[in-house]
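# Residue-level structure breakdown
For reference, the chains in residue letters:
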Amino acid sequence: MKAVFSRLQRLRVLTDRWQTLSARERRLVAIGLASISALVLVSVGESLAREHARLREALPRLQAQQQAVAAAAAEISSLQARSPDAGTTSGAINALPALAELAGTRGLSLELVRVADGELRFEGRGEATALLDWLAEAHATYGAQPIGLAVRTREGPDDVSGQLRLHRSD
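Residues numbered from 1 in each chain as written. Predicted model: local features only at pLDDT ≥ 70, side-chain atom pairs only at ≥ 80, totals over all residues. Heavy atoms only, no water.

It is worth spelling out the packing of helix α3 (residues 95-105) against helix α4 (residues 128-142) at this point. How two helices sit against one another is set out by the angle between their axes and by the gap between those axes. Viewed as axis vectors pointing N to C, α3 and α4 meet at an angle of 145°, and their least axial separation amounts to 10 Å. Relative to α4, the crossing made by α3 is right-handed. Residues A95, A98, L99, L102 and A103 of α3 lie in contact with α4, whose contacting residues are W134, E137, A138 and Y142. (Axes fitted to C-alpha atoms, helices over the stretch in contact; angles between N-to-C directions. Helix = DSSP H or I, 4+ residues; strand = E, 2+ residues; numbered from the N terminus. Left-handed = near helix turned anticlockwise from the far one by under 90°. Contact = heavy atoms within 4.5 Å.)

If you want it as structure tokens, here you go:
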């Protein structure tokens, strides 16, 4: 209550002071307040204009990123929807030659060797990104799971090796 009373007293003091000013002084104070208000509005307007320009410049880049994320999400959904045996008849296809051919289409030069029932070892050269694409496709198509992987990066094709386990006997 005291704060309200104090504010009212201050307002009365300002009102009394305003009344004691001459018409010329009142006009000068009003012009000064209008000038300060105009400067504040211009400053805020410039700030908003700069932010608008920054956002307008960033929009195409962010839209491209959003499209890339949407495409990746669609590809992930597509790969998740495929069963490990999609595109093959159960037990009718020999996965070793098919995986070797798939590696070749990815630009990988791999030697694939059967090491145990349902397990393959691979070794060779190729780009690491192509290897990851090959592993993803091998998993989606044949249910192959990496149980070991080594990539030695170098200039040119990388040295790659590893071992895969197939869900079903090839």
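This is not the end of the story, as more comes after the structure.
Below, the discussion takes up the pattern of salt bridges. Counted by the stated rule, this structure contains six salt bridges. The partner of D159 in a salt bridge is R125, and the shortest N-O contact between them spans 3.1 Å. Placement of D159 in strand β4 (residues 158-165) and of R125 in strand β2 (residues 119-126) is noted, with a sequence separation of 34 residues between them. A single salt-bridge network, built from bridges that share partners, covers R125, R152 and D159. (Salt bridge = Lys/Arg side-chain N within 4 Å of Asp/Glu carboxyl O.)

What follows deals with the sheet that holds strand β3 (residues 145-152). In sheet architecture, strand pairing relies on hydrogen bonds along the backbone and comes in two forms, parallel and antiparallel. Spatially, β1-β2-β4-β3 is the arrangement adopted by the four strands of the open sheet, whose pairing is antiparallel. Bordering the open sheet on either side are β1 (109-116) and β3, each of which pairs with just one other strand. When strand polarity is set aside, the average angle formed by the axes of neighbouring strands in this sheet is 15°. Here β1 pairs with β2 via seven bridges, running antiparallel. Bridge pairing links V113 to R121 in β2. Running at roughly 155° to β1, α3 makes contact with β1, β2 and β4 of the sheet. (Pairing = 2+ DSSP bridges.)

Honestly, it's all geometry; don't read function into it.
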